[in-house]
Amino acid sequence: LWSKGDGGRLGLLVAAGAGVIAASWFSAAGRPDAGDQMVFVSLSLLGALVGLAAVFGWVKQGRQAVGARTRLLLGSAPAAGMDVPAAGDLVAGPGATWFHRADCLLVDGRKVTVSPLGTHQAAGRRACGACKP
Ligand SMILES: [Zn+2]
């Protein structure tokens, strides 16, 4: 998902934010007046924002990479519900127990013959549970 440069940039920004926080903390230490410490509190918040922004940007980049890869892999897949064969002809192999739609994957490549529903029922065949003819 991420390159080494992405990880390096994240580490650099988080370290910079942590450095700003640490420097602010050390600078504010020993100042008895709360008003004198406010500028360092603000700097600490800025350092925290830099670190958080780096992490959120890193996660956002990863999510975008996952989304792009998902669209690439699933972009040409048929929409849900398109998996059910819709061919109108009913087929069955010789001596078969089940009859199927002509485009059922269970009969793909097999020697089958097309017959009307009554012929399949008269032969004692049952409807395939996968293609639901
Ligand atoms: Zn079937």
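A brief structural summary. (Residues numbered from 1 in each chain as written. Predicted model: local features only at pLDDT ≥ 70, side-chain atom pairs only at ≥ 80, totals over all residues. Heavy atoms only, no water.)

**Here's the deal with the side chain of His 120**
Now for step 1: Tracing the backbone shows His 120 in helix H3 (residues 117-122).
Now for step 2: Residue His 120 is classed as buried on the basis of its relative accessible area, which comes to 0%.
Now for step 3: His 120 has contacts with Leu 90, Val 91, Ala 92, Phe 99, Ser 115 and Arg 125, leaving out every residue within four places of it along the chain. (Helix = DSSP H or I, 4+ residues; strand = E, 2+ residues; numbered from the N terminus. Buried < 20%, exposed > 50% of the residue type's maximum accessible area, 1.4 Å probe, protein only. Contact = heavy atoms within 4.5 Å.)

**Some remarks on the packing of aromatic side chains**
Now for step 1: In the structure shown here, the tally under the stated rule is two aromatic pairs.
Now for step 2: Judged by centre distance (5.0 Å) and plane angle (70°), the rings of Trp 25 and Phe 26 are edge-to-face. (Phe/Tyr/Trp six-rings, centres within 6.5 Å; stacked < 30°, edge-to-face > 60°.)

**Looking at a nonpolar patch on the surface**
Now for step 1: Where nonpolar side chains cluster on the molecular surface, the patch consists of Leu 13, Val 20, Val 39, Leu 43, Leu 46 and Val 50 and spans about 430 Å² of accessible area.
Now for step 2: Within the residue set of the nonpolar patch, elements represented by two or more residues are helix H1 (4-28) and helix H2 (34-74).
Now for step 3: With four residues, H2 is the single largest residue contributor to the nonpolar patch.
Now for step 4: As for its position among the elements, Val 20 is in helix H1.
Now for step 5: Taking relative accessible area as the criterion, Val 20 reaches 33% and is therefore assigned partly exposed. (Patch = residues over 30% accessible without salt bridge, like charges linked within 9 Å, V, L, I, M, F, W, Y side chains within 5 Å. Areas by Shrake-Rupley, 256 points an atom, 1.4 Å probe, with all protein chains shown as cover. Salt bridge = Lys/Arg side-chain N within 4 Å of Asp/Glu carboxyl O.)

**Here we look at the coordination of the zinc ion**
Now for step 1: Within the first shell, the zinc ion binds the protein through His 100 (ND1), Cys 104 (SG), Cys 128 (SG) and Cys 131 (SG), at distances of 2.2 to 2.4 Å.
Now for step 2: Here the zinc ion binds four donor atoms, and the angle range of 90 to 131° at the metal identifies the geometry as tetrahedral.
Now for step 3: Going along the chain, you hit the donors of the zinc ion in the pattern H-x3-C-x23-C-x2-C. Residue Cys 104 is found in the loop between strand E2 (98-101) and strand E3 (113-115), and its partner Cys 128 is found in the segment after strand E4 (126-127); the two are separated by 24 residues along the sequence. Across the pair, Cys 128 and Cys 104 agree in class, each one buried. (Donors = N, O, S within 2.8 Å, 3.2 Å for Na, K, Ca; no water. Tetrahedral: all angles 85-135°; square planar, octahedral: opposite > 155°, others 65-115°.)

So yeah, pure geometry; function would need other evidence.
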